Amino acid sequence: MLSFDAQSIPSPLAIRECTRPRFDTDLEALKDWLAGLRTRGVRQAGPALVLTLENLRKAELSASRRLTILSLLKAPVLKTCAGLPKPYAGEATATETAPGLTMEQRLGRLMFVNLDRALHQLDKEHPVPSERQQHKRLWLIRNLFRFANRQIRYAILWKAALPAGTWRDLHELYLYLSSRRSNSLWDLDAQRPTVGEFDQEIEYKTLLLLGLAAKLKDSAPQSEYFMDGLPAWAAQTRLEDPHTRLGRLRLFTVEVSADEPPRQLQGSLDMAFRGWVLQPPYPYLHELESGPFGLGAFGGRPLGLETF
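Residues numbered from 1 in each chain as written. Predicted model: local features only at pLDDT ≥ 70, side-chain atom pairs only at ≥ 80, totals over all residues. Heavy atoms only, no water.

(A) Region of the structure containing the overall build of the chain. Summing up its helical and strand segments, the chain has 10 helices and 4 strands in all. Moving toward the C terminus, one meets the helices and strands of the chain in the order α-α-α-α-α-α-α-α-α-β-β-β-β-α. Expressed as a percentage of contacts within the chain between residues at least 6 apart in sequence, the contacts between residues at least 24 apart total 74%. (Helix = DSSP H or I, 4+ residues; strand = E, 2+ residues; numbered from the N terminus. Contact = heavy atoms within 4.5 Å.)

Spelled out as structure tokens, the structure:
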């Protein structure tokens, strides 16, 4: 569970004035509250949205209602994040109190947690979804991966610690989607996404490759060439059953229960585990190994965080 230190939030009076949206009333009231929030600036909008998302996480609502509210909150959250001050690289905790998360990280984490709850609730309420419900489900999945992407890239860019649970929840999400997809009647005739379309498997593998690169060679994600190559390398990456790789040396492993990106074993794989063995393509590994300063023959520039 996330907690938020009151010292990083404006006065209680300011909060009371702008943090009382209700989820059990007409949605026009929430829209009016959000419209008013735009005039208050990010200093008040950030904490107000944090508390709103925390209350939403605890609220008992239908999946459809929860999803509608999240769709209304998404743009204000992204616009607030865009206006929030960024930390100096390596000093993300300088202006924040414990546990050292910036307001932007808190907002992103709460969006992910709420989206994840909405997805599981939607699947439970509609085990055989209609076409409309399938579109809602895809919206949730797409945004889950995109908010995870923002969190991971933010941590790399600003050399900040990730919110606890970020990697573990991402692994669990992919496992859930993979197991459910293989048993779902509505997916049997589904075509594989074409190039440029959203593909949850490619999205997940891209984040695995990004996390591994940042761990092994933190200069790699600063390379524009490297970042541009990630989607294609992800498409060539395989996730294999650990049972089939027993005895192999220096494998890259992805443990579902571990709150961390892939890691490389120093010795051999002696015991199977809940997760996968990551097998990236050679060009990706070559980029991690080449060049005296970690950028090979290519120059680099800091990666940015695009809106979506």
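(B) Main features of helix α3 (residues 42-58). The end-to-end C-alpha separation of α3 is 24 Å, in line with the 24 Å expected for 17 residues at 1.5 Å each. The set of residues buried in α3 consists of Ala45, Gly46, Pro47, Ala48, Leu49, Val50, Thr52, Leu53, Glu54, Leu56 and Arg57. (Expected span 1.5 Å × (residues − 1). Buried < 20%, exposed > 50% of the residue type's maximum accessible area, 1.4 Å probe, protein only.)

(C) Region of interest: unusual backbone geometry. Its identity is not glycine, yet Lys159 carries a phi of approximately 50°, on the positive side. Along the chain, Lys159 turns up in the loop between α6 (131-158) and α7 (166-182). Its identity is not glycine, yet Arg250 carries a phi of approximately 50°, on the positive side.

(D) Representation of the packing of aromatic side chains in the model. According to the stated counting rule, one finds 8 aromatic pairs in the structure shown. Ring pairs connect the aromatic residues Tyr225, Phe226, Trp233 and Tyr284, which therefore count as one cluster. (Phe/Tyr/Trp six-rings, centres within 6.5 Å; stacked < 30°, edge-to-face > 60°.)

(E) Representation of the pairing of strand β2 (residues 252-255) in the model. Direction of pairing for β2 relative to strand β3 (residues 263-264): antiparallel, over a ladder of 2 bridges. In the sheet register, Thr253 faces β3, and the bridge partner there is Arg263. Judged from the 4 bridges that link them, β2 and strand β4 (residues 275-279) form a sheet pairing that is antiparallel. Residue pairing across strands places Thr253 opposite Val277, the latter belonging to β4. (Pairing = 2+ DSSP bridges.)

(F) Quick look at the nonpolar core. Counting residues in each nonpolar core, the largest one holds 67 residues, and the members touching the most others are Leu107, Phe145, Phe226 and Tyr284. With 9 residues, helix α5 (residues 103-125) is the largest single contributor of residues to this core. Non-local contacts of Phe145, meaning those with residues more than four positions away in its chain, are made with Leu170, Leu173, Leu177, Phe198, Gln200, Glu203, Tyr204 and Leu207. In this structure, Leu251, Leu265, Leu269 and Phe273 belong to the second largest nonpolar core, which totals 5 residues. (Core = buried A, V, L, I, M, F, W, Y, C linked by side-chain atoms within 4.5 Å.)

(G) Spatial organisation of the environment of Leu37. Structurally, Leu37 can be placed in helix α2 (residues 27-37). You can call Leu37 buried: its relative accessible area is 4%. On a C-alpha basis, the gap between Leu37 and Leu49 in space is 9.1 Å, while along the polypeptide they are 12 residues apart.

(H) Broad picture of the sheet that holds strand β1 (residues 238-240). If you trace the 4 strands from one edge of the open sheet to the other, you get β1-β4-β2-β3, paired in antiparallel fashion. Taken across any chain shown, the strands that pair with only one partner, and hence form the sheet edges, are β1 and β3. Of the strand pairs in this sheet, β1 and β4 are connected by 3 bridges, and their pairing is antiparallel. Residue Glu240 lies in a different strand from β4, and its bridge partner there is Val277.

(I) Examining helix α9 (residues 224-236) more closely. Approximately 40° is the largest bend angle found in α9, and it occurs at Leu230, with the proline Pro231 only one to four residues beyond. Restricting attention to buried positions, one finds in α9 the residues Phe226, Met227, Gly229, Leu230, Trp233 and Ala234. Considering only its buried residues, α9 is in contact with α6, α8 (200-216) and α10 (282-289). For α9, the side-chain oxygen to backbone nitrogen distance between the N-cap and Tyr225 is 3.3 Å, and the N-cap itself is Ser223. (Bend = angle between axes of the 7 residues up to and from the residue. Polar contact = N/O pair within 3.5 Å; in protein donor to acceptor, adjacent residues only side chain to side chain.)

(J) Main features of the packing of α5 against α6. Contact geometry for α5 and α6: axes closest at 9 Å, N-to-C directions at 155°. Relative to α6, α5 is oriented roughly antiparallel. The element α5 and its partner α6 pack so that their crossing is left-handed. Of the residues belonging to the contact of α5 with α6, the class tally is 13 nonpolar, 5 polar and 7 charged. (Axes fitted to C-alpha atoms, helices over the stretch in contact; angles between N-to-C directions. Parallel < 35°, antiparallel > 145°, perpendicular 65-115°, else oblique. Left-handed = near helix turned anticlockwise from the far one by under 90°. Nonpolar A, V, L, I, M, F, W, Y, C, P; charged D, E, K, R; others polar.)

(K) Representation of the environment of Asp270. Inspection of the secondary structure assignment puts Asp270 in the loop between β3 and β4. Between the alpha carbons of Asp270 and Gly247 there is a distance of 5.8 Å; along the sequence they are 23 residues apart. Within the local environment of Asp270, its side chain forms a polar contact with the side chain of Ser268, the two groups lying 2.7 Å apart.

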